[in-house]
Amino acid sequence: MRGRVLIAVVLGVPLAVVTAAAILFAMAYAAPAHAPSSVIRVALPSTRGEVGLPKIQGPADASRPLVVIDAGHGGHDPGASGQRGEKEKALTLALALSLREALLADGRVRVALTRDEDRFLALEERSGIARRLKADLFVSIHADASESPDATGATVYTLSDRGSDAVADAVAKRENKADTVNGVELGGKSDAVTAILVSLSQREMRERSKAFGALVLREGQAAVRFHKDPEREAAFVVLKSLDLPSALIEAGYISSPDDARALSSPEWRRGFAKAVASAIEIYLARTNLVAAAP
Ligand SMILES: [Zn+2]
């Protein structure tokens, strides 16, 4: 018995080695010539052209300015949570729906929502929708969260290359986590001239975005309680690739019981929506007048 086992081992081991070598050889040479072995291809969810464009609502006149409202998070990404189980993704959707309602009631501008249900959208898909629809303004709605129970109130963020402070950086980091992989900038901007043009255009858009942010603060004074430092800049991926004025509004702190209660109240949301709608309408009316001037 022992002799047979030994023979089997003696014959079997080299056989296994040869088989393994043959398999490895086949794997190496069966690969297509254009795929060098040093390149690792990872299938990422496509962000281009896959998402259907949302319906544009409001006046039928296509020359009316268009605002795209983006309810933050959604689907498998719940965003931040409140102490009583409030979910940011649900509050942002409710706020976006209220805002659409307010804008449609006024009938001055056209509106589209990146999502009107509980579904996931990658950050680039959100700004991609605004770009593909040739929107005049992009407004992303979120709810803030903080370890500190004292943190309350709304904040309007516009894009900067770097955050305006450590807090802004932390908020941007948290909101950007939703899709870090897709959030990595597209790259390939090696041409120095292109870089300068892009930077000039972005500076212009940053100024316009700030002008819109200032209007949100002004129009929201009565209905919205703002954070003590309500106007900030941060590096939000969702605003990054946009060549149009844009802002991210953190409507309040979901981590603060007072704010979470307000955010959960349809009445409070109507007040918020009215104020932001008014800021949107004034901003778009102004920029349209500027564009129409000779
Ligand atoms: Zn958020």
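Keep in mind the model is a prediction, meaning the values are calculated, not measured.

**Re the overall build of the protein chain**
Secondary structure summary: the protein chain contains 9 helices and 6 strands in total. Burial analysis of the protein chain (294 residues in total) assigns 38% to the buried set. Counting contacts in the protein chain only where the partners sit at least 6 residues apart, residues at least 24 apart contribute 84% of the total.

**Re the environment of Glu 267**
Mapped onto the secondary structure, Glu 267 falls in helix α9 (residues 266–292). Separated by 169 residues in sequence, Glu 267 and Ser 98 have C-alpha atoms that sit 9.8 Å apart.

**Here we look at the sheet that holds strand β2 (residues 110–113)**
Read across the sheet, 6 strands follow the order β2-β1-β3-β6-β4-β5 without closing on themselves; strand pairing throughout is mixed. On the outer flanks of this sheet lie β2 and β5 (226–234), each paired with one strand and no other. Taken over all neighbouring pairs, the strand axes of this sheet differ in orientation by 20° on average, direction set aside. Along the sheet, helix α8 (residues 257–264) contacts β3 (137–144) and β6 (246–253); its crossing angle with β6, the most-contacted strand, is approximately 115°.

**What to know about the nonpolar core**
Core analysis: the biggest nonpolar cluster contains 62 residues, and Val 67, Ile 249, Val 276 and Ile 280 have the highest contact counts within it. Residues contacting Val 276, with those up to four places away along its chain left out, are Leu 99, Val 216, Gly 220 and Ile 249.

**A short note on the confidence of the model for the protein chain**
Chain-level statistics for the protein chain give a pLDDT mean of 80 and a share of 70% at 70 or above. Scored below 50 in pLDDT, residues 5–11 shows 0 contacts in the model against residues more than four places distant or in partner chains. When the criterion is pLDDT under 50, residues 23–49 qualifies, and its contacts beyond four places in sequence or with other chains add up to 9 contacts.

**Here's the deal with the environment of Trp 268**
Looking at the element boundaries, Trp 268 is found in helix α9. Sequence-wise, Trp 268 and Leu 95 are 173 residues apart; in three dimensions their C-alpha atoms are separated by 9.6 Å. Aside from chain neighbours lying at most four places away, what touches Trp 268 is Ala 262 and Leu 263.

**Looking at helix α3 (residues 123–132)**
Counting buried residues in α3 gives 8 out of 10 residues, a clear majority hidden from the surface. All of the buried residues in α3 are Leu 123, Glu 124, Glu 125, Arg 126, Ser 127, Gly 128, Ile 129 and Ala 130. Remark: Lys 134 follows α3 within two positions and exhibits a positive phi of approximately 55°.

**Some points on unusual backbone geometry**
One non-glycine residue, His 73, lies in positive phi territory at about 60°. Following the sequence through the fold, His 73 ends up in the loop between β1 (66–71) and α2 (88–106). Owing to 25 C-beta atoms within 10 Å, His 73 belongs among the buried residues under this scheme. Its identity as a non-glycine residue notwithstanding, Lys 134 has a phi of 55°, on the positive side. Along the chain, Lys 134 falls in the loop between α3 and β3.

**A look at α8**
A turn of α-helix holds 3.6 residues, and therefore any two residues three or four places apart point the same way. Among the residues making up α8, those that are buried are Asp 259, Ala 260, Ala 262 and Leu 263. End-on, the buried residues of α8 take up no more than an arc of 160°, which puts them together on one face.

**Considerations on the pairing of strand β4 (residues 154–159)**
The buried fraction of β4 is high, at 6 of 6 residues. Residues Ala 154, Val 156 and Thr 158 line one face of β4 and the alternating positions Thr 155, Tyr 157 and Leu 159 line the opposite face, and both faces are buried. Taken together, the 5 bridges between β4 and β5 define a ladder with parallel strand orientation. Within the sheet, the bridge partner assigned to Leu 159 lies in β5 and is Ala 234. In terms of strand pairing, β4 meets β6 through 3 bridges, oriented antiparallel. Looking at the pairing, Val 156 lines up with Ile 249 of β6.

**Considering the environment of Ala 285**
As for its position among the elements, Ala 285 is in helix α9. For the pair formed by Ala 285 and Arg 108, sequence separation is 177 residues and the distance between their alpha carbons is 9.0 Å.

Parameters and conventions
Each chain has its residues counted from 1, following the order in which its sequence is written. With the structure being a predicted model, the display of local features is reserved for residues of pLDDT at least 70 and the display and counting of side-chain atom pairs for 80 or more, all residues being used for whole-chain, interface and lining totals. Comment: elements are numbered from the N terminus, with helices defined as DSSP H or I runs of at least four residues and strands as E runs of at least two. The burial criterion counts other C-beta atoms lying within 10 Å of a residue's C-beta, which is placed from the backbone; the residue is buried at 20 or more, exposed at 12 or fewer, and partly exposed between these limits. Note on contacts: each residue gets a C-beta atom placed from the backbone, and two residues are in contact if those atoms are within 7 Å. In this description, strands pair whenever DSSP reports at least two bridges between them. Lines fitted to C-alpha atoms define the axes here, with helix axes fitted over just the stretch in contact, and angles between the N-to-C directions of these axes take values from 0 to 180 degrees. Structurally, a nonpolar core is described as a collection of buried Ala, Val, Leu, Ile, Met, Phe, Trp, Tyr and Cys residues joined by way of C-beta atoms within 7 Å. Every residue carries a pLDDT, the predictor's confidence in it, which falls somewhere between 0 and 100. The arc in question is formed by the directions pointing from the helix axis toward the C-beta atoms.

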